Amino acid sequence: MKNNILARNYRGSTIISIFILQILFFCGQGKTIAQENETITIKGLRQHMDSIASDATEGRFTGSPGYRKAAQYAANIFREAGLNPGYTNEKGEKSYFQPVPFIRYNYDPASSITILKNGKNKTFCHSAGNFIILNPGIQNENIPMASPAFIGYGINEPELGWDDYTGVDVKGRWVIVLNGIPAADSMNPSFPDTLRKRYTDWKIRDSLKLHALTEHKAAGVILLPDKYATDNWESTALQNYMYNYIHYAEADINRKVSNEPVMPLVLLKAELAQLLLSRQSYDPMSHKGSYHSYILDNTEMYIAIDCKKESVNCYNVVAVSPGTDSVLRKEYMTVGAHLDHLGKIGDHVYNGANDDASGCVIILEAAKALALNPPKRSVLCVLYTAEELSLIGSMHFVKNPPVPIGQISLNINIEQIGSKNRDYKGVWAIGSPQFKESFFKAGNSFVEADFKFDPIESYLEALRGHVDLWSYYQKNIPAIMLSSGGFKDHHTPQDKIDLIDFDHLQFAAKLLYSFIIELGNEQPLIDTKKINKTDN
Ligand SMILES: [Zn+2]
C-alpha cells in the first residue's frame, strides 16, 4: 500500500521526473524503469528461492502441505509488494488464492500384481514401486487374468496399413501394450508416415489406443515402459500421479461419457515387463528386432488394486497490478510460472529449484518494481498449480479467468530460467511473432546479454501440453515463453537451490520487468472499444 502511494507521488511530480530522466540519459540507460529495476535484488531472489524450493516445502506437489506453504509465502510477498488480490469468489470476496478442485485416488499400499508363469508365481507390491497405476479401473476387487494378449503398440489402423490386433482376439483379456510408437526405420514393414504424424501427440495417441482397446472389449491394460520411463522410473512414478489426480470438470466428463473409471491401466517396471515377454525378439528399449501379436498361453496374472477417492482443493496464486491508463487498464496481461513440482519419494526431495521455482521467484521480485511503477495495462501475476499434472492449473485459469477472457490480451510464461547448467546462456523467448520487437527493445538496456527469439510455430510439438503457455495458445491468446532452454538436472533430485545462478536470475527478473513495461504501455493490442461495450 505504502509503495503505491509513493509511486503515485513520484509520477505526479514533473520536476522530479525530468531530473531523473536527465540522470538516466547521462548514465546511458535511456530508461525510466532503471530505478525500479534497482529494487530487484539478489538478496530478495535468494529469500524467495529459499522459501519456495528448500526441503521445507518437500517438492511442492499439488495439494500437499509443502505446496500450500509455498503458495502462502507467495501471497504474502505479493501483498507486501502492494499488489492486490487477483481472485474474486461468488460472494464477491477478494483473495490471492483461486481454488482448483481435484479428485485424488489414494492407493492401498497392499495393492499388488502376481505373475504366474510356468507353474511359478511372484508377487510385486505397488508400494515398492514395481508398477504405476495410471487408472485404477475396477476397484476393490481381485481381477484374475489368464492368458493375456500381447498386441505390440496397440495401433488399430488397418486402412492406413497397420493393425496390431491381427490374429488376436483380446475380448475379456488383459492386454499388454508397448508405450509410444515404433521408432523411425526400425521396423519391417516400416511404420507409415501418415500414422507417425497422427500418433505424435501423446494425448491423442493414448486416446486413440484406449479407444481401440475399448472397442475390442479388452478387460484391462498393462503398459510396458519405453527407455525414457525405464531410465527415469522414479520421476515417471511421481509425474504419473497426473492420472490419479483428476480435475473435477474432467472427471465429470469421464463419468458422463463412459461410466468412469473406464479400464484399469497399469505401467510395469522394466524387470516385470521382461519377465512377461521372454518370447519376443523385439526390444522395446532399443526398438530393435520385430514383434508379432500373440496370446501368452502359459501366463496368468492377478492384479489387486484397492483405492479410495477423495476431493481436494489446490490453488493458483493470483495478484493484480491495476493499469494506470483509464482505457488500457481494462486490458490484462498475465505473467505466470508454475509453483508446483514433483514432490518427494522416500528420502528424495524433488525441489524443482529451476523447474519452476526460478520462474515464480523472478515474478515475485519483479512484482516489487511493478507496484512502484506499473504500466498502462493491468497485469495479473499467476503462480499455477498442477503444471506437472498436465497443465491442470493454467487450464483451469483460462476456463475460469478472474476477468472476462476477452480482456486478457497476452500471456508471458516463465519456465526454467535460472540453472547454472542451462543450455542457453541468456534468455530465450518462444512466442507469437508480435512480441519480437518489444522483447528486443526490453533487452536493449542490458549490455553484453544474449537474447534469442523463435516463433511459437517452430516449437508447437515440443510445447503442446507441456508448458502453461499452451493453455493460452489454445484459447487464441497471444503467448510468449521466456526460459534459458533445457538443463541436465530436469526432473531429478539434483534440481536444487545450489545449482541456481542468482546473477542470471537477477538479470532475468530485470528483463522481465522491462518487458512487462514495454508491452504494458504499447498501443492497444486488442479492441478496447469492444471491451467498453461488454463492460456496459
Ligand atoms: Zn517440470
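*Asks:* For the overall build of the protein, give the residues involved together with the corresponding values.
*Replies:* The helix and strand inventory of the protein stands at 18 helices and 26 strands. Counting every position in the protein, which comprises 536 residues, the buried fraction comes to 55%. Counting only contacts in the protein whose residues sit at least 6 apart along the sequence, the fraction spanning at least 24 positions is 82%. Accessible area for the protein stands at about 23,700 Å²; split by element, carbon and sulfur atoms hold 52% of it.

*Asks:* Quick one: what's the story with the side chain of D468, residue by residue and with numbers?
*Replies:* In this fold, D468 is placed in the loop between α15 (460-463) and α16 (469-474). A distance of 2.6 Å separates polar atoms of two side chains, one belonging to D468 and the other to S394. The contacts of D468, once residues within four sequence positions are left out, are H338, Y384, E387, L391, S394 and N413.

*Asks:* Can you explain the packing of helix α5 (residues 65-81) against helix α12 (residues 353-372)? Please cite residues and give values.
*Replies:* Interhelical geometry of α5 versus α12 gives an angle of 15° and a closest axis separation of 8 Å. In terms of axis orientation, α5 runs roughly parallel to α12. The two elements α5 and α12 meet at a crossing, and its hand is right-handed. Side by side, α5 and α12 meet where Y73, A74, I77, F78 and A81 of the first sit next to I363, L364, A367, K368 and A371 of the second. Broken down by class, the residue content of the contact of α5 with α12 amounts to 9 nonpolar, no polar and 1 charged.

*Asks:* Summarise the pattern of salt bridges; cite the residues concerned and give the values.
*Replies:* Per the counting criterion, the structure on display carries 8 salt bridges. When the shortest N-O distance is used, the salt bridge between R198 and E157 registers 3.0 Å. Here R198, found in helix α6 (residues 193-198), pairs with E157, found in strand β10 (residues 156-157); they are 41 residues apart in sequence, far enough to count as distant. Classification of R198 by relative accessible area gives partly exposed; the value is 39%. E157 sits in the buried class, given a relative accessible area of 4%.

*Asks:* Lay out the coordination of the zinc ion with the relevant residues and their values.
*Replies:* Taken together, D355 (OD), E388 (OE), E388 (OE) and H491 (NE2) make up the full set of protein donors to the zinc ion, lying 2.0 to 2.7 Å away. Around the zinc ion sit 4 donor atoms; with metal-centred angles ranging over 52 to 147°, the donor geometry is irregular. Counting the intervening residues between successive donors of the zinc ion yields the motif D-x32-E-x102-H. Of this pair, E388 sits in the loop between β22 (378-384) and α13 (392-399) while H491 sits in the loop between β26 (479-483) and α17 (502-520), and the two are 103 residues apart along the sequence. Residues E388 and H491 agree in their burial class; the two are buried.

*Asks:* Can you tell me about the nonpolar core, naming the residues and giving the values?
*Replies:* Counting residues in hydrophobic clusters, the biggest one holds 73 residues, and the most contacted among them are M49, F78, I412, L482 and L512. In this view, I412 contacts M333, T334, V335, G336, I480, L482, L512, F515, I516 and L519; residues no more than four positions away in its chain are not counted. Counting 35 residues, the second largest nonpolar core, distinct from the first, contains Y105, F131, F191 and V266.

*Asks:* Describe the sheet that holds strand β15 (residues 265-268), listing the residues and the values that go with them.
*Replies:* A sheet is described by the order of its strands in space; here 6 strands give the open sequence β7-β15-β13-β12-β9-β16, paired in mixed fashion. Both edges of this open sheet fall to β7 (131-135) and β16 (294-295), since each of them pairs with a single strand only. Summarising the sheet, strand β12 (residues 174-178) and strand β13 (residues 220-224) pair through 5 bridges and their orientation is parallel. Within β13, the position partnered with V177 by the bridge is L223.

*Asks:* Tell me about the packing of aromatic side chains, residues and numbers included.
*Replies:* Going through the model one piece at a time under the given rule, you end up with 14 aromatic pairs. Where F97 meets Y315, the ring centres are 5.9 Å apart and the plane angle is 70°; that geometry is what we call edge-to-face. With a gap of 218 residues between them, F97 in strand β4 (residues 97-107) and Y315 in strand β18 (residues 307-321) connect regions that are remote in the sequence. By relative accessible area, Y315 is classed as partly exposed at 23%. Between F150 and Y294, the aromatic rings sit 6.0 Å apart at their centres with planes inclined by 55°, giving tilted as the arrangement. With a gap of 144 residues between them, F150 in strand β9 (residues 149-150) and Y294 in strand β16 connect regions that are remote in the sequence.

*Asks:* With reference to specific residues and values, describe the packing of α12 against α17.
*Replies:* Where α12 meets α17, the closest approach of the two axes is 9 Å, and the angle between their N-to-C directions is 55°. With respect to each other, α12 and α17 are oriented oblique. By crossing handedness, the relation of α12 to α17 is classed as right-handed. Across the interface between the two elements, S358, V361, I362, I363, A366, A369 and L370 of α12 pack against L505, A508, A509, L512, Y513 and I516 of α17. By residue class, the composition of the contact of α12 with α17 is 12 nonpolar, 1 polar and no charged.

*Asks:* Tell me what's going on with α17, and back it up with residues and numbers.
*Replies:* Helix length check: α17, at 19 residues, gives a terminal C-alpha distance of 26 Å against a target of 27 Å (1.5 Å per residue), a fit within 8%. Of all the 19 residues making up α17, 18 are buried; the element is thus mostly covered by neighbouring parts of the structure. You can read the cap of α17 off the contacts: a side-chain oxygen lies 3.2 Å from the backbone nitrogen of D503, and it is on D501.

*Asks:* For helix α7 (residues 202-215), give the residues involved together with the corresponding values.
*Replies:* Taking 1.5 Å of rise per residue, 14 residues should cover 20 Å, and α7 covers 20 Å from first to last C-alpha, within 8% of that figure. Turning to α7, its buried residues are R205, K209, A212 and L213. An end-on view of α7 places all buried positions within 100° of arc, on one side of the element. Here the buried face of α7 lies against β10, β12 and β13. Looking one or two residues beyond α7, the residue adopting positive phi is K217, at roughly 60°.

Scoring rules and cut-offs
- Residues numbered from 1 in each chain as written.
- Predicted model: local features only at pLDDT ≥ 70, side-chain atom pairs only at ≥ 80, totals over all residues.
- Heavy atoms only, no water.
- Helix = DSSP H or I, 4+ residues; strand = E, 2+ residues; numbered from the N terminus.
- Buried < 20%, exposed > 50% of the residue type's maximum accessible area, 1.4 Å probe, protein only.
- Contact = heavy atoms within 4.5 Å.
- Areas by Shrake-Rupley, 256 points an atom, 1.4 Å probe, with all protein chains shown as cover.
- Polar contact = N/O pair within 3.5 Å; in protein donor to acceptor, adjacent residues only side chain to side chain.
- Axes fitted to C-alpha atoms, helices over the stretch in contact; angles between N-to-C directions.
- Parallel < 35°, antiparallel > 145°, perpendicular 65-115°, else oblique.
- Left-handed = near helix turned anticlockwise from the far one by under 90°.
- Nonpolar A, V, L, I, M, F, W, Y, C, P; charged D, E, K, R; others polar.
- Salt bridge = Lys/Arg side-chain N within 4 Å of Asp/Glu carboxyl O.
- Donors = N, O, S within 2.8 Å, 3.2 Å for Na, K, Ca; no water.
- Tetrahedral: all angles 85-135°; square planar, octahedral: opposite > 155°, others 65-115°.
- Core = buried A, V, L, I, M, F, W, Y, C linked by side-chain atoms within 4.5 Å.
- Pairing = 2+ DSSP bridges.
- Phe/Tyr/Trp six-rings, centres within 6.5 Å; stacked < 30°, edge-to-face > 60°.
- Expected span 1.5 Å × (residues − 1).
- Arc of directions from axis to C-beta.

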